[in-house]
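Read off the chains here:
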Amino acid sequence: MVGDARPSGVRAGGCRGAVGSRTSSRALRPPLPPLSSLFVLFLAAPCAWAAGYKTCPKVKPDMLNVHLVPHTHDDVGWLKTVDQYFYGIYNNIQPAGVQYILDSVISSLLANPTRRFIYVEIAFFSRWWRQQTNATQKIVRELVRQGRLEFANGGWVMNDEATTHYGAIIDQMTLGLRFLEETFGSDGRPRVAWHIDPFGHSREQASLFAQMGFDGFFFGRLDYQDKKVRKKTLQMEQVWRASTSLKPPTADLFTSVLPNMYNPPEGLCWDMLCADKPVVEDTRSPEYNAKELVRYFLKLATDQGKLYRTKHTVMTMGSDFQYENANTWFKNLDKLIQLVNAQQANGIRVNVLYSTPACYLWELNKANLSWSVKKDDFFPYADGPYMFWTGYFSSRPALKRYERLSYNFLQVCNQLEALAGPAANVGPYGSGDSAPLNEAMAVLQHHDAVSGTSRQHVANDYARQLSEGWRPCEVLMSNALAHLSGLKEDFAFCRKLNISICPLTQTAERFQVIVYNPLGRKVDWMVRLPVSKHVYLVRDPGGKIVPSDVVTIPSSDSQELLFSALVPAVGFSIYSVSQMPNQRPQKSWSRDLVIQNEYLRARFDPNTGLLMELENLEQNLLLPVRQAFYWYNASTGNNLSSQASGAYIFRPNQNKPLFVSHWAQTHLVKASLVQEVHQNFSAWCSQVVRLYPRQRHLELEWTVGPIPVGDGWGKEVISRFDTALATRGLFYTDSNGREILERRRNYRPTWKLNQTEPVAGNYYPVNSRIYITDGNMQLTVLTDRSQGGSSLRDGSLELMVHRRLLKDDARGVGEPLNKEGSGLWVRGRHLVLLDKKETAAARHRLQAEMEVLAPQVVLAQGGGARYRLEKAPRTQFSGLRRELPPSVRLLTLARWGPETLLLRLEHQFAVGEDSGRNLSSPVTLDLTNLFSAFTITNLRETTLAANQLLAYASRLQWTTDKGPTPHPSPSRPVSATITLQPMEIRTFLASVQWEEDG
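Residues numbered from 1 in each chain as written. Predicted model: local features only at pLDDT ≥ 70, side-chain atom pairs only at ≥ 80, totals over all residues. Heavy atoms only, no water.

As recorded by an unreviewed UniProt entry, the chain carries the name Alpha-mannosidase and is attributed to Bos mutus grunniens. On record in UniProt, under Catalytic activity (unreviewed entry), the comment for the chain is "Hydrolysis of terminal, non-reducing alpha-D-mannose residues in alpha-D-mannosides." The record held by UniProt for the chain lists under Subcellular location (unreviewed entry) the comment "Lysosome". (UniProt positions renumbered as here; feature names shortened; annotations may be inferred.)

Here it is as structure tokens:
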């Protein structure tokens, strides 16, 4: 166990009778004495007890106990939009109305005190809750207190695990769990994670769940070959060791594979959407089936029980949007339980009961068995031969980028709200609010949202929610910037800079550029703005002229202004720009196809125009590398399988991709602040390869689309890098933007793979980076969104950038991935790094951090009035009194309450990534006077999702076959000087007082 204060463990049976009083949202805000010096208070839990398990039903230890789990799986958008699902609109598309499900379930629970139900999606539940009367809310609170209505997972959504960034996962879980804590107190706190529908499972997701305090993790989907092996070896349940850096059991999570995905057993679906026969126990009826049903159920339960190791087995009784008429389910389950249990009098050793995943888990824990350990992940997922769910890693790339951009924007919004305090929410620009974007971003993490697996009109609605969330954040940021800078400017946010459109900079003779940096260290960042055909003068915050360039874009003959901005940590710099009269920018073309700066040189083949060589001048590394675009012809089915490529499934028609073009038409642009090679491969594929001064990576900005499908062929477009590196079948991908996993071609670590798709079966999710190495040199590619990637031959690395398909893949969406409109045209960036293997981590870790938390540009005309007459304006500001060390990331700085902030600090290096700079060593930080805009008066450390004080948090302990696991360290008082171990995230609620002048 690492750190100063960690959750204490609890063994089954320990202090079982110690039941605390029901807590409310105030549980996280206990009255504490004022502190003269900053101090973090931790109280050792007097006795660890199995909170949340006290209401579990009694079982019969000498029998096979069948835990029936009534549930509904409510997608937060898929075939219908979030609102259409909630209100039950367009039932011709899919019969589903979440408001009626919850109405009906509550009524049915009241009819029989033994009935239980679990609910998961807080995006829906919170909306329903707000519409209820006080009387209904009181009833629901009592059902939750009694454990008859139990929440599982508790996130705003059930997030995807392949295409989500860990920061966004934490945010959406925090939002949902906070609602439950504030509404129901500890009674409503979920004890288990419940990811029954995501299409593969990441190791980082399990690590995050463990750090949030969950006792166990249940999921439904895993590879069909993997499941077959697990059934045979009784490994459907095990302990997942989800980090190679965090010391066990910090990231250990008991994991259970559900027997029937998340559906009821065949023949036992009693929802109004199902066609199975109800239980008929009247012997006089010609439809009488009770005896046969009991016989069938007993065989089913016995057979299923043989696949698991304890005297307990679980059956999921529900599915997508079921229980709209809950009575049909519960009435039949009541009968089933009564009829089966009546057979105990005849010597049948089976006991059936209403239960929940948490209560089932509690019984497994009490069994005191030793469990096997898993250390890899559950990607890629296939549900049959030729059926690999690796297409969604890249589906809807425009939405994937918008989501990642929105995460960046939300973090800036959150930080400015925290730095400016109440002045950010109410000010000269109106009412600012971060909540709408926070909720929209949470919705986007749903496993049919950022994954790209919804219908088109639903994807449009996801984008609408993000767009509408940006607006109140823009108001908030304007209020905050005015407060912090001392000037009330007419702030402008140019959302179309990716396509070089910004009316203010393209028309104004003078303007101001406010660059905000959300990182904990100062940045030197190249600003690019579309301008008119003039030369410009740029001044820094001190009024000093800084170098600038105006470059002409060959493809459009438009101009962009470039200058380098130095921006302090968690702060801003204001630059002023003015036109120089009667001057025109000079075009700068060159023929020699080489671009270089002080660190890198890139050479291009003069005959083909393709990249052919990359040289790291600083480390004296030279790597021949060819980069080009290719496309796979999407399968529509063949004699081996009818499986087609679609939104979920990637299945190329042949293993060898086709060139988009063997050569590129090139233009070389060389200016003092940038060198670029513009490559045009075809009418629908182009790229700009660029280098800025002082930049240690090569930037490839690709533009793909509209992909032509007039030939009747769906196409899946990749960018591929080919080298001579001897990589021995290995490559490496990140897990949700965090820890790195080794991948081996045509191999799975825990079972012998029968590979049916040599391309799709080797694709993995790439959230932020992929790399190959020969042990000496390492070639890393960073992405600006989630994509699918692989290394299909030694020395090669590829990423899928766009897909357009003409056939549905028969996984339920019922629509080909053939978007009309603007999403056909996609632009993105790959950052290429060439390093020595031992120093590569420092480069890719810090550059990936800059990618996901990039500086935010805000524009103004200039000449605004003073915010306060008595305060002089300032053109530069830092929210930190001292920079954070490079290994520390400020993961979260956000408002939590009127005088409370949420603060997360993380060590962003893994064990063994020192890079010669001790970057993997523990880091000690003093939080005293760290921030300049406010003073921290009190700190309380919490679990990762901020819904439990860490001192009171406890998790079930599990014994593994890897030997004894160290017990968690006891909680003890520590000062405001905190230590972060590699890959550790620490979360605090900070009481603060804002400085008068911000």
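Once you've had a look at it, read on.
*Asks:* Would you explain the sheet that holds strand β23 (residues 558-567) in this entry?
*Replies:* Hydrogen bonds along the backbone pair up the strands of a sheet, which may run parallel or antiparallel. If you walk across this open sheet you meet the three strands as β19-β23-β22, and the pairing is antiparallel. Where the open sheet ends on each side, the last strands, each with one partner, are β19 (523-531) and β22 (548-553). The average undirected angle you get between the axes of adjacent strands in this sheet is 30°. Alignment of β22 against β23, held across six bridges, turns out to be antiparallel. Within β23, the position partnered with Ile 553 by the bridge is Ser 558. (Pairing = 2+ DSSP bridges. Helix = DSSP H or I, 4+ residues; strand = E, 2+ residues; numbered from the N terminus. Axes fitted to C-alpha atoms, helices over the stretch in contact; angles between N-to-C directions.)

*Asks:* Before we go on, may I ask you to explain the packing of aromatic side chains in this structure?
*Replies:* The geometry of an aromatic ring pair comes down to the distance between the two centres and the angle between the two planes. Overall, the coordinates contain 49 aromatic pairs when judged by the stated rule. Aromatic side chains Tyr 402 and Trp 470 sit 6.2 Å apart centroid to centroid with 45° between the ring planes, which places their arrangement in the tilted category. Of this pair, Tyr 402 sits in helix α11 (residues 397-420) while Trp 470 sits in helix α13 (residues 456-485), and the two are 68 residues apart along the sequence. Trp 470 gets classed as buried once you look at its relative accessible area, which sits at 7%. Grouping aromatic residues by their ring pairs yields a cluster made of Tyr 119, Phe 125, Trp 128, Trp 129, Phe 151, Phe 179 and Phe 184. The residue whose ring lies beneath Lys 374 is Phe 378, and the NZ or CZ to ring-centre distance is 4.1 Å. (Phe/Tyr/Trp six-rings, centres within 6.5 Å; stacked < 30°, edge-to-face > 60°. Buried < 20%, exposed > 50% of the residue type's maximum accessible area, 1.4 Å probe, protein only. Lys NZ or Arg CZ within 6 Å of the ring centre and 35° of its normal.)

*Asks:* Even after reading the chapter, I still don't get a nonpolar patch on the surface, so can you show me in this structure?
*Replies:* On the surface, Tyr 87, Ile 89 and Tyr 90 cluster together to form a nonpolar patch covering roughly 290 Å² of accessible area. By the element assignment, Ile 89 lies in the loop between α1 (82-87) and α2 (98-111). A relative accessible area of 38% places Ile 89 in the partly exposed class. (Patch = residues over 30% accessible without salt bridge, like charges linked within 9 Å, V, L, I, M, F, W, Y side chains within 5 Å. Areas by Shrake-Rupley, 256 points an atom, 1.4 Å probe, with all protein chains shown as cover. Salt bridge = Lys/Arg side-chain N within 4 Å of Asp/Glu carboxyl O.)

*Asks:* Would you mind going over the environment of Gln 755 with me for this structure?
*Replies:* Along the chain, Gln 755 falls in the loop between β37 (740-744) and β38 (764-766). Taking the C-alpha atoms as reference points, Gln 755 and Gly 77, 678 residues apart in sequence, are found 33 Å from one another. Leave out the neighbours within four places in its chain, and Gln 755 touches Phe 388, Asn 746, Gly 761 and Asn 762. Here the side chain of Gln 755 touches Asn 746 through a polar contact of 3.2 Å, side chain to side chain. At a separation of 3.3 Å, a polar atom in the side chain of Gln 755 contacts the main-chain amide nitrogen of Glu 757. (Contact = heavy atoms within 4.5 Å. Polar contact = N/O pair within 3.5 Å; in protein donor to acceptor, adjacent residues only side chain to side chain.)

*Asks:* Sorry if this is basic, but what is going on with helix α7 (residues 224-233) here?
*Replies:* Given 3.6 residues per helical turn, the α-helix brings residues three or four places apart onto the same face. Within α7, burial applies to Gln 225, Asp 226, Lys 227 and Arg 230. On its buried face, α7 is in contact with β8 (237-241) and β13 (373-374). Measuring from the side-chain oxygen of the N-cap residue of α7 to the backbone nitrogen of Gln 225 gives 2.8 Å; that N-cap residue is Asp 223. Leu 234 lies just past α7 and shows a positive phi near 55°.

*Asks:* So what exactly am I meant to see when it comes to empty space enclosed by the protein here?
*Replies:* Over the atoms, a rolling probe the size of a water molecule traces out where space has been left empty. Evaluation of the coordinates by the stated rule reveals nine cavities of 30 Å³ or more. Its boundaries defined by the atoms lining it, the largest cavity holds a volume of some 90 Å³. Looking at the largest cavity, it is lined by 13 residues, and the ones nearest its centre are Arg 404, Ser 768, Ala 848, Glu 851 and Val 852. Counting residues per element, the ones that place at least two in the lining of the largest cavity are α11, β40 (777-783) and α15 (837-852). Looking at which element gives the most residues to the lining of the largest cavity, the answer is α15, with three residues. A breakdown of the residues in the lining of the largest cavity according to their chemical character gives three nonpolar, four polar and six charged. (1 Å grid on protein atoms, 1.4 Å probe; cavity = no way out; pocket = protein on both sides within 12 Å on 5 of 7 lines; lining within 4 Å. Points joined across faces, edges and corners; volume = space filled by probe spheres on them. Nonpolar A, V, L, I, M, F, W, Y, C, P; charged D, E, K, R; others polar.)

*Asks:* Would you take a moment to explain the UniProt feature "domain: Glycoside hydrolase family 38 central" (unreviewed entry) in the chain for this structure?
*Replies:* Under the UniProt annotation, the feature "domain: Glycoside hydrolase family 38 central" (unreviewed entry) is placed at residues 387-466. With 56% helix and 5% strand, residues 387-466 has its two end C-alpha atoms placed 32 Å apart.

*Asks:* Looking at this model, I keep getting lost on the side chain of Arg 203. Mind explaining?
*Replies:* Secondary-structure assignment places Arg 203 in helix α6 (residues 203-211). At 3.0 Å, the side chain of Arg 203 and the backbone oxygen of Lys 375 are in polar contact. Dropping the residues within four chain positions of it, Arg 203 is found in contact with Trp 240, Arg 241, Ala 242, Ser 243, Thr 244, Lys 375, Asp 376, Asp 377, Ser 735, Glu 739, Ile 740 and Leu 741.

*Asks:* Explain the pairing of strand β28 (residues 611-616) to me, please; I cannot follow it from the model alone.
*Replies:* The side chains of a regular strand alternate, first on one face of the sheet and then on the other. Counting buried residues along β28, five of its six residues qualify, which places the element largely inside the surrounding structure. Between strand β27 (residues 600-604) and β28, which pair antiparallel one after the other, the connecting turn spans six residues, and Gly 609 there sits at a positive phi close to 80°. As defined by bridge partners, β28 adjoins strand β29 (residues 621-633) across five bridges and the pair is classed as antiparallel. Looking at β29, one finds that Leu 611 is bridged to Gln 627.

*Asks:* It is not clear to me how the packing of α11 against helix α12 (residues 435-444) should be interpreted in this structure. Could you clarify?
*Replies:* When two helices pack together, you describe them by how their axes are tilted relative to each other and by the distance separating the axes. Where α11 contacts α12, the two axes come as close as 10 Å, and the packing angle between them is 145°. Note that α11 runs across α12; the crossing there is left-handed. Seen from α11, the contacting residues are Leu 399, Glu 403, Ser 406, Tyr 407, Phe 409 and Leu 410; seen from α12, they are Leu 437, Asn 438, Met 441 and Leu 444. Classifying every residue of the contact of α11 with α12 gives seven nonpolar, two polar and one charged. (Left-handed = near helix turned anticlockwise from the far one by under 90°.)

*Asks:* Honestly, the side chain of Ser 578 in this entry has me stumped. Any pointers?
*Replies:* Structurally, the position occupied by Ser 578 is in strand β24 (residues 571-580). If we skip the residues at most four places from it in the chain, Ser 578 touches Glu 509, Arg 510, Val 535, Tyr 536 and Leu 537.

*Asks:* Any chance you could explain the sheet that holds strand β11 (residues 350-354) here in plain terms?
*Replies:* Strands sit in the order β10-β3-β11 across an open sheet of three strands; the sheet is parallel. Whereas interior strands pair on both sides, the edge strands pair on one side only; in this sheet they are β10 (312-317) and β11. The mean angle between the axes of side-by-side strands here comes to 25°, regardless of whether they run parallel or antiparallel. Pairing of strand β3 (residues 64-70) with β11 involves five bridges; the strand directions are parallel.

*Asks:* What is the right way to read the packing of helix α3 (residues 122-130) against helix α4 (residues 134-145) from this model?
*Replies:* Viewed as axis vectors pointing N to C, α3 and α4 meet at an angle of 135°, and their least axial separation amounts to 10 Å. The pairing of α3 with α4 is recorded here as oblique in orientation. Here Phe 125, Trp 128 and Trp 129 of α3 come into contact with α4, specifically with Thr 136, Gln 137, Val 140 and Arg 141. Along the lines of polarity and charge, the residues of the contact of α3 with α4 split into four nonpolar, two polar and one charged. (Parallel < 35°, antiparallel > 145°, perpendicular 65-115°, else oblique.)

*Asks:* Explain the pattern of salt bridges here, please?
*Replies:* Where side chains of opposite charge bring their charged atoms close, a pairing between them can arise. Throughout the structure, instances matching the rule amount to 50 salt bridges. Across the pair Lys 366 and Glu 363 runs a salt bridge whose closest N-O atoms are separated by 3.3 Å. Residue Lys 366 and its partner Glu 363 are both found in helix α10 (residues 357-366); the two are separated by three residues, about one turn of the helix. Judged by relative accessible area, Lys 366 falls into the partly exposed class, the value being 28%. Two residues, Arg 690 and Glu 699, come together in a salt bridge whose shortest N-O distance is 2.7 Å. Of the two residues, Arg 690 and Glu 699, both sit in the buried class.

*Asks:* Explain the environment of Ala 848 to me, please; I cannot follow it from the model alone.
*Replies:* Positionally, Ala 848 belongs in helix α15. With a relative accessible area of 8%, Ala 848 lands in the buried category. Contacts of Ala 848, omitting those with residues within four sequence positions, involve Arg 769 and Leu 782.

*Asks:* Can you help me understand the state of the cysteines in this one?
*Replies:* In a disulfide, the sulfur atoms of two cysteines are held together by a covalent bond. Following the criterion strictly, the structure yields four disulfides and no others. The disulfide partner of Cys 56 is Cys 359, and the gap between their sulfur atoms is 2.1 Å. The disulfide joining Cys 56 to Cys 359 has a torsion of about -90° about its S-S bond and is therefore left-handed. Of this pair, Cys 56 sits in the loop between β2 (39-40) and β3 while Cys 359 sits in helix α10; the two residues are 303 residues apart in sequence, bridging distant segments of the chain. Cys 359 shares its class with Cys 56; the two are buried. With its sulfur 1.9 Å from that of its partner, Cys 494 forms a disulfide with Cys 502. Across the disulfide from Cys 494 to Cys 502, rotation about the S-S bond amounts to roughly 60°, and the bridge is consequently right-handed. Across this residue pair, the class does not change: Cys 494 and Cys 502 are buried. (Disulfide = S-S within 2.5 Å.)

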